[in-house]
Amino acid sequence: MAYDFRQPYYPTSPILEPDKNPNSSSLLGGSFFTNLAQMFGLTSLLTIAGSGGSSYLVDTIKLFLLGTLVETGRRFCYWFIERFKFRYSMTARFSEGDPAYEWIILFLTEKNVWRRSRDFWVNSKTSARKWGITPGGESDVPVAVDHDSEESTDYVPIYEIPQLFYWNGYWLEIRREQGSPQYHSRTVSQSAATLYLTIYSLDMSVMKALVDEARLRYVEVSKPNVIIHSSDIRNAGPSFTWNKVKSKARRPLSSIILPQGELDSIIEDAQDFIDSEDWYMEAGIPHRRGYLLYGPPGTGKSSTIYALAGELGLEIYTISLSADYIDDSTLQTAASSMPRRSILLIEDIDCAFASREDEEDILFAPASPYVDANGVVPRRSAVTLSGLLNIIDGVDSEEGKFFIATTNYVDRLDAALIRPGRIDRKIEYRLATQEQAHALFTRFFPASRFAHTTSSEKRIDLVSLADMFSSGIPEDTFSIAELQGFLLSCKKRPLDAATGVRAWVVKELDQRREREQREETRKLKLKAAKEKRDASGGLGMGPFGNGSSYSPFGPFRNSIAPPILPIDGLNNSILQAQPLEEPAEQSKDIVTSAKVETQSSNQNSNVDRHREEVATEAY
Ligand SMILES: Nc1ncnc2c1ncn2[C@@H]1O[C@H](COP(=O)(O)OP(=O)(O)OP(=O)(O)O)[C@@H](O)[C@H]1O
């Protein structure tokens with residue numbers, strides 16, 4: 001049937017069907033709306049609309065009244081609840097990154113607050129601390145799933161959904177707000193999330209009791225672990241927070257192998273510092289202590305710090321100065337947002353400041369993108385020395401903290417950085433002695449596990465094997481980490497470890513010598529390139545002597561001074577653009593002379609001599 005568009009359309013719905021009689025009992029008619037209209041003083045309007053025969057207008061007014069009524073009711077309820085909350089409740093806020101936030105999350109998790117949650121993040125289990133639930137376990141009972149569980153997956157509820165729960169006779173409501181993104185010049189970060197805990201009571205002691213209970217529980221749960229706080233780029237910027245929390249199994253002190261008495265003395269010193277807060281106050285000396293652990297890689301610096309933290313129940317706050325989002329102000333915010341009785345750990349502190357060698361490496365490596373338009377090597381870190389000194393001095397921070405730094409290159413550190421008062425104790429770590437090698441072997445092959453069985457079913461004397469092992473290790477040549485690597489390759493075969501160690505030493509020394517030779521050659525090449533550049537008068541005008549920044553073709557195309565020699569690692573595009581016959585020849589000469597020089601170098605003579613001794617003994 002064709003529809004006549006000239007006729008008005010009347011829908012058949014009872015709600016929208018025109019109702020000519022405002023007093024009728026249809027849904028939009030009747031005395032209810034009349035009364036409502038009277039209430040809002042709209043009776044005359046309704047009458048005019050009705051008498052004018054415009055039923056649409058009448059219905060519109062009725063809908064308006066209904067909507068107004070519903071919205072007013074909603075607002076009133078909201079207002080009433082807010083007033084009620086305001087008068088009869090109190091709200092505590094916990095900001096992510098603050099230790100109290102961790103306490104409360106653990107507390108809520110253990111109280112099964114999120115047991116009805118049906119929204120989860122599912123992650124594979126890592127050492128990062130997450131408070132999740134175990135699905136299918138005792139009726140979805142939430143547990144701290146960061147350790148002790150054989151599960152390999154974390155089910156972490158979405159905390160954003162508000163929850164109501166009952167605790168010690170009080171109703172509580174929990175709500176969490178995710179941080180908002182913040183845009184900085186180079187990065188986008190996220191401000192810290194906030195947790196709102198509302199208690200329907202006006203008694204402040206209830207809130208205090210809850211927070212205390214949460215803190216004590218957290219301390220108890222954390223005991224077998226060392227808690228390590230760090231930050232990732234999300235939270236860089238002005239609202240820096242320690243948003244990443246990891247827990248590591250506490251390392252027993254006995255597992256750290258240092259020369260006799262060294263570890264005990266560090267622990268005693270730290271314990272004494274903690275115990276003598278009053279003394280520091282009375283003497284007017286800032287209550288903080290700085291340690292610098294320095295020495296070759298793999299000698300136990302970090303292990304000592306984790307063992308110390310575990311022993312004294314301190315949490316570690318670690319920061320990397322070479323992270324590009326860390327500058328003086330973030331460092332200061334970070335340091336001042338650490339709680340008392342904690343450790344601020346800066347590993348590889350030398351990395352913040354480029355060494356002279358590094359600068360040369362960067363400057364003369366032809367394809368280096370690390371040089372700015374003026375030929376200057378940019379700083380490695382946005383942290384300045386004075387910024388770092390301020391942090392160590394604790395200008396803006398609370399006291400009662402440890403500052404611990406590690407480095408492999410103590411010579412690169414500025415004297416101001418390690419002066420007494422900033423660094424109270426410098427602890428040197430050396431390559432392994434035979435005594436340490438002996439202790440390591442004994443730790444690897446404890447008598448309780450290995451004394452009675454061997455593959456050949458003979459009783460083995462572990463002490464003799466440890467003697468044999470340690471006597472095969474040259475003093476001050478290998479780190480404990482290297483020895484550990486070797487022992488791991490025969491972790492169930494003490495006999496093989498003791499008899500095979502000499503051959504391993506020979507092989508390792510050979511490989512080391514080769515590496516050293518390669519490094520020596522590289523340095524000689526760089527040196528030659530530098531001399532060549534200096535001779536060409538390019539000094540101070542950038543790496544290519546023309547004052548331009550690096551570009552694959554630019555320096556060659558426009559150069560006033562001759563370009564530097566092509567050397568290993570030179571960008572292929574440069575070589576193709578400008579094949580340079582003569583310098584390439586010179587470069588070969590440099591390599592040859594470097595080899596000759598390296599072979600006769602005094603540096604390697606000790607290693608050579610030892611290698612020969614060991615080889616003779618071994619075979
Ligand atoms: N003195 C030591 N006692 C026990 N284990 C050690 C010791 N030194 C090194 N190790 C072992 O070697 C590995 C690396 O050690 P660690 O990270 O503590 O060395 P590091 O000196 O901090 O090295 P880096 O300077 O490279 O950070 C660890 O697995 C640790 O168990």
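Figured I'd write up the structure that's included with this text. (Residues numbered from 1 in each chain as written. Predicted model: local features only at pLDDT ≥ 70, side-chain atom pairs only at ≥ 80, totals over all residues.)

### Details of the overall build of the protein chain
In plain terms, the rule: Here a strand is any run of E in DSSP of at least two residues, a helix any run of H or I of at least four, and the numbering for each starts at the N terminus. Once C-beta atoms are placed from the backbone, any two residues with those atoms within 7 Å are in contact.
A count of helices and strands for the protein chain gives 20 helices and 17 strands. Within the protein chain, contacts between residues separated by at least 24 positions form 72% of all contacts whose residues are at least 6 apart in sequence.

### A word on unusual backbone geometry
Short version of the rule: Partly exposed residues are those whose C-beta has more than 12 but fewer than 20 other C-beta atoms within 10 Å; with 20 or more the residue is buried, with 12 or fewer it is exposed, and the C-beta atoms are placed from the backbone.
The phi torsion at Asn168 lies on the positive side, around 50 degrees, for a residue other than glycine. Within the secondary structure, Asn168 is located in the loop between β6 (163-167) and β7 (170-177). Its 11 C-beta neighbours within 10 Å are what place Asn168 among the exposed residues. Despite not being glycine, Asp348 has its phi angle at roughly 50 degrees, a positive value. By the secondary structure assignment, Asp348 is in the loop between β15 (342-346) and α10 (356-364). Note on Asp348: 16 C-beta atoms within 10 Å, which makes it partly exposed.

### Regarding the site of the ligand
Applicable threshold: Using a C-beta atom placed from the backbone, a residue is scored as near a molecule or strand whenever that atom is within 6 Å of it. Side-chain classes are defined by residue name, with Ala, Val, Leu, Ile, Met, Phe, Trp, Tyr, Cys and Pro counting as nonpolar, Asp, Glu, Lys and Arg as charged, and the others, Gly among them, as polar. The source of the domain bounds is an automatic or database domain assignment.
Around the ligand, the structure places 17 residues, and the nearest of them are Pro297, Gly300, Ser303, Ile480 and Ala481. If you list the elements that add at least two residues to the shell around the ligand, you get α8 (301-312) and α15 (480-489). Split into classes, the residues belonging to the shell around the ligand amount to seven nonpolar, nine polar and one charged. Counting residues domain by domain, the shell around the ligand receives three or more from each of domain 3 (250-428) and domain 4 (434-618).

### Remarks on the environment of Tyr200
Summarising the element assignment, Tyr200 is placed in the loop between β10 (194-199) and α5 (204-222). Look at Tyr200 and you get partly exposed, because 15 C-beta atoms sit within 10 Å. Those residues in contact with Tyr200 that sit more than four places away from it in its chain are Tyr88, Ser89, Tyr170 and Trp171.

### Digging into the sheet that holds strand β1 (residues 90-95)
Our working definition: By this definition, two strands are paired if DSSP reports at least two bridges between them. The axes used here are C-alpha line fits, helices contributing only the stretch in contact, and every angle between their N-to-C directions lies in the interval 0 to 180 degrees.
Judged by pairing direction, the sheet is antiparallel, and its four strands sit side by side in the order β1-β10-β7-β6 without closing on themselves. Strand pairing shows two members of the sheet lacking a second neighbour, β1 and β6, which therefore form its edges. Ignoring which end each strand starts from, the neighbouring axes of this sheet average 25 degrees apart. Note that β7 and β10 share six bridges and pair antiparallel. By the bridge assignment, Ile174 is partnered in β10 with Leu197.

### Some remarks on helix α9 (residues 328-336)
As a reminder of what qualifies: What the arc measures is the spread of directions leading from the helix axis to the C-beta atoms.
By the burial criterion, the buried members of α9 are Thr330, Leu331, Ala334 and Ala335. Buried residues in α9, looked at end-on, bunch into an arc of 130 degrees, giving them a common side. Packing partners of the buried residues in α9 comprise β15 and α11 (385-393).

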